[in-house]
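What follows is the residue order along each chain.
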Amino acid sequence: MEIAGWIIVVILFVVGMGGAIFPILPGALAIYAAFFVYGFFISFEPFGFWFWLIQTLIVAGLFIADYAVNAWGVKKFGGSRASIIGSTIGILIGPFVIPAFGLLLGPLLGAIIGELIVGSKLDEALKAGFGAVVGLFTSMVAKIVLQAAMIIIFFIWIIWI
């Protein structure tokens, strides 16, 4: 059972890290689920209050930062609420509509369309679209770092604590 547990934990870690790049994957929740899988298959003994508090705060921070960083990117480049909403919709559907480039083009086009719908000029809409892409990449970097920290903390906790 221990080997099966480790296989599932590793798969969840890979899916989780993939979620930092592909928003359709569960990301931090997959990594968080891996801790429960480890506990059920191997042992919950290494995990105490501080482990769960730290990991839960990181997950909460990831959810807040994911939206906030994308919104910051759009706002920084002059976008409105409409472009933030358009960018968010683009992030979610872009990879399905345009498989190879949808992750990049989705938020870009979503922000541009959002701005154009509310009557912004094309140059303002393009700036907001660029901001959406900047926000997307900044968010990806933050997610990769924080999710890697979750995995590193997990290994530190089960090996040394």
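Small disclaimer: the values here were computed from a predicted structure and weren't measured.

1. What about helix H4 (residues 81-97)?
With 17 residues, H4 ought to run about 24 Å at 1.5 Å a step, and its terminal C-alpha atoms sit 23 Å apart, in line with that. Remark: the principal bend of H4, roughly 40°, maps to Ile91, with a proline, Pro95, within the next four residues. In this structure, the buried side of H4 is in contact with helix H3 (49-76), helix H5 (102-117) and helix H6 (122-160).

2. Observations regarding the confidence of the model for the protein chain
Low-pLDDT stretches of the model should not have their predicted coordinates read in fine detail. In the predicted model, the protein chain carries a mean pLDDT of 91, and 100% of its residues have values of at least 70. Within the protein chain, no element has a lower average pLDDT than H4, which sits at 88, and none a higher one than helix H2 (residues 28-41), at 96.

3. What about the packing of aromatic side chains?
Considering all chains together, one arrives at 26 aromatic pairs under this definition. Taken together, a centroid distance of 6.5 Å and an interplanar angle of 75° make the contact between Phe44 and Phe47 edge-to-face. Judged by relative accessible area, Phe47 falls into the buried class, the value being 9%. Arranged with centres 4.3 Å apart and planes meeting at 15°, the rings of Phe47 and Phe51 form a pair that is stacked. Note on accessibility: Phe47 and Phe51 belong to one class, buried.

4. Some thoughts on helix H1 (residues 2-19)
Compared with the 26 Å implied by 1.5 Å per residue over 18 residues, the 25 Å span of H1 between its first and last C-alpha is a close match. The set of residues buried in H1 consists of Gly5, Val9, Leu12, Phe13, Gly16, Gly18 and Gly19. Considering only its buried residues, H1 is in contact with H2 and H6.

Rules behind the numbers
- Residues numbered from 1 in each chain as written.
- Predicted model: local features only at pLDDT ≥ 70, side-chain atom pairs only at ≥ 80, totals over all residues.
- Heavy atoms only, no water.
- Helix = DSSP H or I, 4+ residues; strand = E, 2+ residues; numbered from the N terminus.
- Expected span 1.5 Å × (residues − 1).
- Bend = angle between axes of the 7 residues up to and from the residue.
- Contact = heavy atoms within 4.5 Å.
- pLDDT = per-residue confidence, 0-100.
- Phe/Tyr/Trp six-rings, centres within 6.5 Å; stacked < 30°, edge-to-face > 60°.
- Buried < 20%, exposed > 50% of the residue type's maximum accessible area, 1.4 Å probe, protein only.

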